[in-house]
Amino acid sequence: MNFEKNHVKEEYIVEGMTCAACVRAVEKAASRVEGVKNPVVNLSSERLTFEVSHEIDRDKLFEAVRSAGYNLKNMQTTRKAVIEIDGMTCAACVATVEKAIGRLDGIKRVSVSLSSDTASFEYDPHLLRIGEVKRVIEKAGYKAGSLVTENLATNRLNREAMIKLYRRKLVFSAIFAFPLLIIAMGHMVGLNLPGIIDPHLNPFNFAVIQMALAIPIVIAGRDFYLRGIPNLFRGTPNMDTLVGLGTGAAFAYGVFATVQIALGNHNYVGDLYFESAGVIIALISLGKYLENLSRGKTSDAITRLMNLSPETALVKKGDVFEEVAIDEIEVGDILLVKPGMRIPVDGTVTKGTSSVDKSVITGESIPVDIEETSKVIGGTTNISGTFEMKAMVVGSDTVLSRIIKLVEDAQSSKAPIARMADIVSGYFVPLVLIIAAVTFVTWMLLGYGFVFSMSMMIAVLVIACPCALGLATPTAIMVGTGRGAEMGILFRNGESLEVTHKVGAIVFDKTGTITKGRPELVDIQTLGSFKRDEVLQLSASVAARSSHPLDEAISNAYSGPLLEVSSFVAYSGRGIVAEVNGREIVIGNHRFIDLTAEEMKLVDRMSSQGKTPVVVSLDGKIAAVLGIADVVKEESLEAISLLKKMGIATYMITGDTAGTAEAIAEQVGIENVIAEVMPEDKAKKVSVLKEEGMIVMMVGDGINDSPALAEADIGIAVGSGTDIAIEAADVVLMSDNLKNIPKAIRLSRATIGNIKQNLFWAFFYNVIGIPVAAGLLYGIAGIKLNPMIAGAAMAFSSVSVVTNALRLKRVKI
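On a predicted model such as this, the values are computed, not experimentally measured, just so you know.

With that settled, consider the overall build of the protein chain. If you tally the helices and strands in the protein chain, you get 28 helices and 30 strands. Partitioning the contacts of the protein chain with sequence separation of at least 6, the portion at a separation of at least 24 is 68%. Roughly 35800 Å² of accessible area belongs to the protein chain as shown, and the carbon and sulfur atoms make up 55% of that amount.

Turning to the environment of D333, a few remarks are in order. Mapped onto the secondary structure, D333 falls in the loop between β10 (320-325) and β11 (334-337). Through-space distance from the C-alpha of D333 to that of A391 is 5.4 Å; in sequence the pair is 58 residues apart. For D333, the residues in contact, after removing those within four places along its chain, are V315, E328, M389, K390 and A391. In terms of polar contacts, D333 uses its side chain to reach the backbone amide nitrogen of E330, at 2.9 Å.

Among the surface-exposed residues, F760, W761, F764, V767 and I768 lie close enough to one another that they form a single nonpolar patch of about 500 Å² accessible area. Mapped onto the elements, F760 comes out in helix α26 (residues 740-773).

Let us look at unusual backbone geometry. The backbone of N38 sits at a positive phi, close to 50°, despite the residue not being glycine. Along the chain, N38 falls in strand β2 (residues 36-42). Using a relative accessible area of 54% as the deciding quantity, one classes N38 as exposed. Backbone geometry at N581 places phi at a positive 55°, although glycine is not the residue there. Inspection of the secondary structure assignment puts N581 in the loop between β22 (575-580) and β23 (583-588). When its relative accessible area of 56% is taken as the criterion, N581 is described as exposed.

So, about α26. Compared with an ideal rise of 1.5 Å per residue, which puts 34 residues at 50 Å, α26 spans 48 Å between its outermost C-alpha atoms and is within 8% of the ideal. One or two residues past the end of α26 sits G775, with phi positive at roughly 100°.

Moving on to the pattern of salt bridges. Opposite charge on two side chains permits pairing when their charged atoms draw close. Under the counting rule described, the total for this entry stands at 14 salt bridges. For E711, the salt bridge goes to K690, with nearest N and O atoms at 3.5 Å. Note that E711 is positioned in helix α24 (residues 706-711) and K690 in helix α23 (residues 679-691), a separation of 21 residues in sequence. E711 sits in the buried class, given a relative accessible area of 17%. If you follow the salt bridges from partner to partner, you end up with K516, R518 and E520 in one network.

All right, on to the packing of aromatic side chains then. Per the counting criterion, the structure on display carries eleven aromatic pairs. Measuring from centroid to centroid gives 5.7 Å for F121 and Y123, while their planes differ by 50°, and the two rings are tilted. We classify F121 as buried; its relative accessible area is 3%. In this structure Y123 comes out as buried when scored by relative accessible area, which is 1%. Plain terms: the ring middles of F251 and F274 are 5.5 Å apart, the flat faces sit at 65° to each other, and that makes the pair edge-to-face. Of this pair, F251 sits in helix α8 (residues 239-262) while F274 is found in helix α9 (residues 274-294), placing the two residues 23 residues apart along the sequence. Accessibility expressed as a relative area gives 18% for F251, which makes it buried. Through a chain of ring-to-ring contacts, the aromatic side chains of Y12, F50 and F62 assemble into a single cluster.

Now for the confidence of the model for the protein chain. Overall, the predicted model of the protein chain reaches an average pLDDT of 79, with 82% of residues at or above 70. Throughout residues 294-302 the model reports pLDDT below 50, and contacts reaching past four residues in sequence, or to other chains, amount to 31 contacts. The low-confidence segment residues 409-418, where pLDDT is below 50, has 29 contacts with residues more than four positions distant or belonging to other chains.

The next thing to look at is the sheet that holds strand β15 (residues 375-376). Read from one edge to the other, the open sheet built from six strands follows the order β10-β9-β11-β17-β12-β15, with strand pairing classed as antiparallel. Bordering the open sheet on either side are β10 and β15, each of which pairs with just one other strand. Pairing analysis gives two bridges linking strand β9 (residues 312-317) to β11, with the strands arranged antiparallel. By the bridge assignment, V315 is partnered in β11 with L335.

This part takes up the side chain of T398. Of note, T398 is situated in the loop between β17 (387-393) and α12 (399-413). For T398, a relative accessible area of 7% translates into the label buried. Residues contacting T398, with those up to four places away along its chain left out, are V345, D346 and V393.

This part is about the environment of A750. Tracing the chain through its elements places A750 in helix α26. A750 sits in the partly exposed class, given a relative accessible area of 22%. Sequence separation of A750 and I813 is 63 residues, and the distance between their C-alpha atoms is 8.4 Å. Discounting chain neighbours no more than four positions away, the residues touching A750 are L808, V811 and I813.

This next bit is on helix α22 (residues 658-668). For α22, the full list of buried residues reads T660, A661, A663, I664, A665 and V668. Downstream of α22 by one or two residues, G669 has phi in the positive range, about 90°.

So, on to the packing of helix α3 (residues 91-102) against helix α4 (residues 130-139). Each pair of packed helices can be described by the angle between their axes along with the distance between the axes. Close contact between α3 and α4 brings their axes to 9 Å; oriented N to C, the two are set at 140°. In terms of orientation, α3 and α4 fall into the oblique class. As α3 runs across α4, the sense of the crossing is right-handed. For the pair formed by α3 and α4, the contact residues are V97, A100 and I101 on the first element and V133, V136 and I137 on the second. Classifying every residue of the contact of α3 with α4 gives six nonpolar, no polar and no charged.

A word on the nonpolar core. Within the largest apolar cluster, 87 residues are counted, with the highest numbers of intra-cluster contacts made by I506, F508, I514, M697 and I741. With eleven residues, α26 is the largest single contributor of residues to this core. Residue contacts for I741: discarding those within four places in its chain leaves I506, F508, L643, M697, V699, I716 and L733. Of all hydrophobic cores here, the second largest spans 26 residues; its members include F530, Y558, I585 and A623.

The six strands are arranged β20-β25-β24-β23-β22-β21 in an open sheet whose pairing can be described as antiparallel. Only two strands of the sheet have a single partner each, and these edge strands are β20 (515-526) and β21 (565-571). Direction aside, neighbouring strands of the sheet carry axes that sit 20° apart on average. Where β20 lies against strand β25 (residues 621-632), eight bridges are found, and the strand directions are antiparallel. Following the sheet pairing, D523 is matched in β25 by G627. Strand contacts of helix α18 (residues 532-543): β20, β21, β22, β23, β24 (612-618) and β25, with the helix running at about 80° to β23, the strand carrying the most contacts.

Mapped onto the elements, A553 comes out in helix α19 (residues 549-556). As for A553 and A543, which are separated by ten residues in sequence, their C-alpha atoms are 8.6 Å apart. Excluding its chain neighbours within four sequence positions, the residues that come into contact with A553 are P519, E520, L521 and I628.

The rules we used
- Residues numbered from 1 in each chain as written.
- Predicted model: local features only at pLDDT ≥ 70, side-chain atom pairs only at ≥ 80, totals over all residues.
- Heavy atoms only, no water.
- Helix = DSSP H or I, 4+ residues; strand = E, 2+ residues; numbered from the N terminus.
- Contact = heavy atoms within 4.5 Å.
- Areas by Shrake-Rupley, 256 points an atom, 1.4 Å probe, with all protein chains shown as cover.
- Polar contact = N/O pair within 3.5 Å; in protein donor to acceptor, adjacent residues only side chain to side chain.
- Patch = residues over 30% accessible without salt bridge, like charges linked within 9 Å, V, L, I, M, F, W, Y side chains within 5 Å.
- Salt bridge = Lys/Arg side-chain N within 4 Å of Asp/Glu carboxyl O.
- Buried < 20%, exposed > 50% of the residue type's maximum accessible area, 1.4 Å probe, protein only.
- Expected span 1.5 Å × (residues − 1).
- Phe/Tyr/Trp six-rings, centres within 6.5 Å; stacked < 30°, edge-to-face > 60°.
- pLDDT = per-residue confidence, 0-100.
- Pairing = 2+ DSSP bridges.
- Axes fitted to C-alpha atoms, helices over the stretch in contact; angles between N-to-C directions.
- Parallel < 35°, antiparallel > 145°, perpendicular 65-115°, else oblique.
- Left-handed = near helix turned anticlockwise from the far one by under 90°.
- Nonpolar A, V, L, I, M, F, W, Y, C, P; charged D, E, K, R; others polar.
- Core = buried A, V, L, I, M, F, W, Y, C linked by side-chain atoms within 4.5 Å.

Shown next, in the form of structure tokens:
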């Protein structure tokens, strides 16, 4: 590995993390390895990223993380491909092809199917070109057909599997927890149990049936013990540790009490903890399920970006163009791009003219006309003409690849938001353990015996179990996000809901966000004696024959009858010459139609107003100049005004010229304008604002906004946005109404306030309950906390937290 002046970044997948305490444990373990600098773990993407200033011992890194209770995996560097093969007739053919491909360096796995006439293989693109695979197939006597490559993305599948796992655990636990709670607590609220399990008539049966119902729940929650308890001994306790200790102690004591009842000590019938263990595991499983539901689909955004690049391209080989895999394109290759095809790589046009839709990269809706020497960007779409281009930038250096890398870096480097309950639990668990140990020793020294002391110690552990602590955040987030969904505001996860309330600056993309994102005819300036309606009818009749967005804007502006067009010739990048009812009509830009100085002033004035001027000539005379623009959404001005009243600074960022940008910003009341920027600069500007200490929100709708959306503390995609922008965003507005942004901020503020209230009440119960459980009142007034009361108190704390969270449904937003 070659190291440059700047540190090189390495990235790994981390398995087994569940909370912020896990993040700190992995970062701490990685930082101990020599050569690892600034390790950052992203809980959402489950990635560890760090800088290395020299070669590191990766075996030590893997072992260090493994010792902390987690697993590292290398990032997937291989790709999959499927090639069609003609000429195979039997199993011997299959074996021949498999053997031929399998011999190539870089092939990881290969499988040939006779029924589908395909070869599927996994390969290392750094070691092998697809062309080599085709050559060995043909050398073996068969014909290699078309190719499909597949980028490996497993994060989404892993997330879906995790959601299904916790859903199964939740349903399974609830099935047993509900009757367990009824049996254990029912008689305390006047419910009559059958005599066979009545605690007064048949105490042993009463205990055994509870134990029988609790055992399946404990088994379902075994990860709390298999992961949480070992983390305690590693010095990195987390929420799983607390759940494992509390429920484990409760269940163990319940078993002990059952044995005592069997021996005739029926007084223990009031000291069973089975319901605490079972219900707590079920409720924590609910929290885990909700947490996994809220995780963002980060891998989908990267996958969609990758899919923008075509799988193959037409490369000139001698006098013909051959289809090759995009990985095989080299700098200097001549490529053929037909209408409707995506441009494979960055390059320069060498032959032909066309119009290119760059919206996937620049976010601008109006296509760009290209000709010889024009630069084109990989991933953009060729609309009309056929042209040849020279590949200038390939592989990881293309604009699209850099955008993908920016999104990946922004997502991986974003620090996970500290969940308050997890942070406090890092101190809370050791404190509870100390209190429990001190309680046991104290009562033993006072001569109260082992059973009494043990019961006091377990009471401390049970009442300190983080049932309410674990539900405080996810229940409020669940209700808050549900309320948001009712209003058309979708929060990607709890973290985005949490950060939104602190936003101090909002950066708006222009096209499709502040504006409608499509060109419209907004101005008609007729010249001489020409009438407006006449010019519009003739122009619309001609424009209706074209698919160019500017022509569509003209034809859409006219709703009357169209005239017959007898001849029609389009000049790519310039304009149209047509004949309508014997009259020659020319529509095009000022470079296509000769203009006088006065007419040029009108063109320049429209340009300064943020409009695209289109000149119309009738029978050789200039008839009109049409102004086409991407118009501002009706609600943009009001939304910006609301945000200003909330004390939030607003910015607009765009790839448009300064004049166009200033004209749009003035219409909506935005004072901070950043114009003529490329996608990389959008992310950099967001980063600069963050460095100034601001909590930054980015609002956009295009693929080019993806890096900035990921770099921002909060990224918002509007409903009309691309799938890429939506996947990269933290918040999605189902409609284009920007007034939902101040609503989202108010909802976030209400939710975070609710979470803090929940955490206060959760800790309040523990602060009051733990001393009582430890026997404080027993020493003063002879009052010993009954385990049932401890369970009821914990259940009440959970109910109060959930009830408080439900208040969010009635809060005025």
